[in-house]
Amino acid sequence: MDKLFLVLKREFTSRVKKKSFLLTTILVPLLFPAIFGVIIYFMKKEDENIKQQIIQVLDESGKFDTKSTEKYSFVPISGDLESAKVAFTESDDYGLLYIPNFNLESPEGFTLYAKSNPNFSTINSIENKIESSIREEKLKVYEVDKEMLDKLKTNIDLTSLNISEGVEKESNAGISFGIGYVTGFLIYIFMFAYGGQVMQGVIEEKSSKIVEVIVSTVKPFQLMMGKILGVASVGLFQVVIWVVLMGTLFTVITGVLGLEMPQSAQLSEATEMAKNSPEADKVMRLIASIPFTKIILTFIFYFIGGYLLYGSLFAAVGSAVDTPSEAQQFMFPIMIPLIAGIVGMSSIINNPDGNVSFWLSIIPFTSPIAMMGRIGFGVPAWELALSMVLLILGFIGTVWLAGRIYRIGILMHGTKVNYKVLAKWFMMKN
Amino acid sequence: MEALKATNIIKRYAEHTALDNVDISIPKGSIYGLLGPNGAGKTTFIRIINQIINADEGEVRINGDLLNQDHISMIGYLPEERGLYKKMKVGEQLVYLGQLRNLPKKEAIKRSRAWCEKLGIYEWWNKKIEDLSKGMAQKIQFISTILNEPELIILDEPFSGFDPVNANLIKDEILELREKGSTIIFSTHRMESVEELCDHIALINQSKKILEGTKKEIKDSYRSNTFLVDHKGAVNGSLGSNFELLGHEILEDEMHQSIIQIKDPSLSPNDLLQNLISNTEVHSFVEKVPSINEIFISKVEGGKNG
């Protein structure tokens, strides 16, 4: 155990002392709020500098409501289309809207002339504007009472309740969806990033040939586990720093820019609204009803379990090869279940209780990702327990398998390795 | 008392047997040469002593105790495939490797410093291995091998890869460690390189030990009463029936070199010398002792013929 700890400590300190660790640890949290801050800054600036854009309107029907909106001011002009076009090209105005004398039943022929390609939202808002003008016109023509029409509009809200765990809990697919996607994706990225580091470390030890001296003092299994756990502690350490740094920076940047943090702004707004709006009240209740503790604990469990499962496989691959490029052939089968997990995510989120979701979240190779996708929607206790037990058995299995390959592999140089050779190493007695 | 005693060691791999019933006993305080061509099984044997792999059969005892985890701190091992963590600093690396051999951290630091000072590389203490010259890295490799003041030092092909200056340094330090009571095992296929250092020798060929003993015993048993003589003037035909001319070569300035064997075991080298002096002008007279390499070759070839 002492030796295992020695190895772990070396793995940890040598990685943490690296310049690249310092760089990524500082840059990642700097980068995100920085990008975020820049976007907010420009959005704010744009809001301040907002200028009404002038759109000339050549209305032959006389039915267009030229009341200006926040973004556009509509200026009626007269004359024929050709001369209007010429006049428009010489003006500084944004666009020229041509409204022909249209048929109310099949309105068509509306054209917007502009000096640049108008974007989607511009077209959308002008379409809306025309549509509402036509609607007003129709109301008049069909003699429909506007008040009556408003009364006909009905808006209902379907409350969905999850009664699987005995208590009726309000559920919200959107929030569960978001949590599932983000946490599942985080696990996917961490598996690759830190698993890759384990593999690289093993290859480095093997190619620098120090490994024979080391295994004459520690058992190969201790060396492997020391490395896997060492990298894991680096990963956890880095994540903790990121969370702390990003939180601090985010607060500072938003503070400097004179903005309230979006969430807190929304929250305080929401609480105010909640006093008189039942809808906002519902949002508040939903947020409160999300089992955050359960999700965090599940995340930690599947993160560690999945990492041990994949980290040991990465270590075995590293021990079998002499260079990273040789490792490619063995990476493929390791990547497939990981990718299957992340690809399956969309079907899990659309149907968290379906067959695909069930199996992906039970099989240890995909469960770390898939279960995170399901957890927000509520998973029956027995399924969760089964998945966790299988994951534990799974990583015990892969660690054992990897250990047997590793102990032989690290001492083999210049061997052409294929799956048959790996199987032979696995069977070899010590 | 043996520092190490291995009995009936057998190690089989799928396709071949690496060690076939090998007995080796290494006396305390000796410099023991484990000799044999590449692939003979030397490295397998050394890995078994280092508990990197286990023997299929047989047992190894160190100072009379069956091989166990406690022996790790008593052994210093310089493998044939050697290297260091390139990104690690000299000091950190030595201390880490010392700790792996069960040295307490403080002691490991103290000894690493002392050794670096002794070998004149202390100023590199905080440099990374990748920034050092090869020769310097070799010194660090050597320090890491003996940092725990091992009772048993195992050096696999120590003189391949080391430059001559470092090789000499290692020789000197090893002799000093032997004075302090360490036992040293050399393993090499370049037999001439360790011949002068070793006092005990085992020859291993094709997984089997074919010869073991003190260097003197072995050499004595292969003496053939043959002498190498440098002389002025030919000796052809004048030797008589008791002596046989095995070889003859003409050197510069009328000098000759002859290899002469005494056929009659009752005769001494003096008899040969007297015979020669009466015939020719003797410049040098030396017994032709077979080198370990020659013994090995004759043993292997003899084994083949028999």
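A brief look at the structure comes next. Per chain, the residues get numbers from 1 upward, laid out in the order the sequence is written. Working convention: letters from A go to chains and numbers from 1 go to ligands, in the order in which they are written. At least 70 in pLDDT is required for a residue's local features to be given in this predicted model, at least 80 for side-chain atom pairs to be given and counted, and no such filter applies to totals for whole chains, interfaces and linings, which use all residues.

**Side note on the overall build of chain B**
Only DSSP runs of H or I with at least four residues qualify as helices, and only runs of E with at least two residues qualify as strands; both kinds are numbered from the N terminus onward. Counting secondary structure elements, chain B contains 9 helices and 14 strands. Taken over the C-alpha atoms alone, chain B extends approximately 75 × 45 × 35 Å along its principal axes. Relative to its full complement of 306 residues, chain B shows a buried share of 37%. Distance between backbone-placed C-beta atoms decides contact: two residues are in contact if it is within 7 Å. Here the contacts in chain B between residues at least 6 apart in sequence split such that 70% fall between residues at least 24 apart. Labels follow a simple rule on C-beta atoms placed from the backbone: if 20 or more others lie within 10 Å of a residue's own, it is buried; if 12 or fewer, it is exposed; otherwise it is partly exposed.

**Notes on the nonpolar core**
With 132 residues, the main nonpolar core has A:I228, A:A315, A:V317, B:I154 and B:F186 as its most contacted residues. For this core, the element with the most residues is helix α11 (residues 292–320) of chain A, which contributes 13 residues. Other than its neighbours up to four places away in sequence, A:A315 contacts A:V198, A:M199, A:V202, A:M224, A:K227, A:I228, A:A402 and A:Y406. Within the second largest apolar cluster, 7 residues are counted, among which are A:L58, A:Y94, A:L96 and A:L97. What we call a nonpolar core is a set of buried Ala, Val, Leu, Ile, Met, Phe, Trp, Tyr and Cys residues whose membership is set by joining through C-beta atoms within 7 Å.

**With respect to the environment of A:M331**
By the secondary structure assignment, A:M331 is in helix α12 (residues 324–350). Considered as a pair, A:M331 and A:L313 are 18 residues apart in the sequence and their alpha carbons are 9.3 Å apart.

**So, the packing of α11(A) against helix α15 (residues 381–409) of chain A**
All names here are of chain A. Between N-to-C directions, angles cover 0 to 180 degrees, with each direction set by a line fitted to C-alpha atoms, over the stretch in contact for helices. At a minimum axis separation of 8 Å, α11 and α15 run at an interaxial angle of 20°. Comparing their axes, α15 and α11 come out roughly parallel. Crossing angle aside, the handedness with which α11 passes α15 is left-handed. Residue-level contacts link F301, G305, L308, L309, S312, L313, A315, A316, S319 and A320 of α11 to M388, L391, I392, G394, F395, T398, V399, A402, I405, Y406 and G409 of α15. Any angle that falls under 35 degrees is termed roughly parallel, while one over 145 is termed roughly antiparallel, one within 65 to 115 roughly perpendicular, and all others oblique. In this scheme the handedness of a crossing depends on how the near helix is turned from the far one: anticlockwise by less than a right angle means left-handed, clockwise means right-handed.

**Comments concerning the sheet that holds strand β9 (residues 200–205) of chain B**
Residue and element names in this part refer to chain B. Following DSSP output, two strands are said to pair if at least two bridges run between them. Here 6 strands make up an open sheet; going across it, the order is β6-β7-β8-β3-β9-β10 and the pairing mixed. Because the sheet does not close on itself, it has two edges, and the strands there are β6 (75–78) and β10 (208–214). Averaged over all pairs of adjacent strands, the angle between strand axes in this sheet comes to 15°, irrespective of strand direction. In this sheet, strand β7 (residues 152–156) lies alongside β6 in parallel orientation, the contact comprising 4 bridges. Its bridge partner being in β7, Y77 is matched across the sheet by I154. In this fold helix α4 (residues 134–146) packs onto β6 and β7, with an angle of close to 155° to the strand it touches most, β6.

**Some points on the pairing of β9(B)**
Residues and elements named next belong to chain B. Among the 6 residues that make up β9, 5 are buried, leaving the element largely enclosed by the rest of the structure. One ladder, built from 4 bridges, connects strand β3 (residues 31–35) with β9; its direction is parallel. Counted as the bridge partner of G33 is I201 from β9. Across 6 bridges, β9 lies against β10 in antiparallel orientation. Residue pairing for β10: L203 is matched across the bridge by L211. From the end of β9 to the start of β10, which pair antiparallel, there are 2 residues, and Q206 there has a positive phi angle of about 45°.

**A closer look at unusual backbone geometry**
All names here are of chain B. Of note, N21 is a non-glycine position whose phi angle comes to about 55°, a positive value. On the neighbour-count criterion, N21 (14 C-beta atoms within 10 Å) is partly exposed. Non-glycine residue N225 carries a positive phi angle of around 55°. Among the secondary structure elements, N225 is positioned in the loop between α7 (215–221) and β11 (226–232). On the basis of neighbour counts, which here come to 17 C-beta atoms within 10 Å, the residue N225 falls in the partly exposed class.

**Notes on the sheet that holds strand β1 (residues 2–12) of chain B**
Residue and element names in this part refer to chain B. Taken in spatial order, the 4 strands make up an open sheet running β2-β1-β4-β5, and their pairing is antiparallel. Looking along the sheet, the strands with just one partner apiece sit at the ends: β2 (17–27) and β5 (65–66). As paired elements, β1 and β2 share 7 bridges and run antiparallel to each other. Its bridge partner being in β2, K11 is matched across the sheet by L19. Here helix α1 (residues 42–49) sits on the sheet in contact with β1, β2 and β4 (57–62), set at roughly 120° to β1.

**Topic: the environment of A:T398**
Residue and element names in this part refer to chain A. Relative to the helices and strands, T398 is located in helix α15. We classify T398 as buried; it has 21 C-beta atoms within 10 Å. For the pair formed by T398 and K9, sequence separation is 389 residues and the distance between their alpha carbons is 23 Å. Sequence-distant contacts of T398, defined by excluding residues within four places in its chain, comprise L309, S312 and L313.

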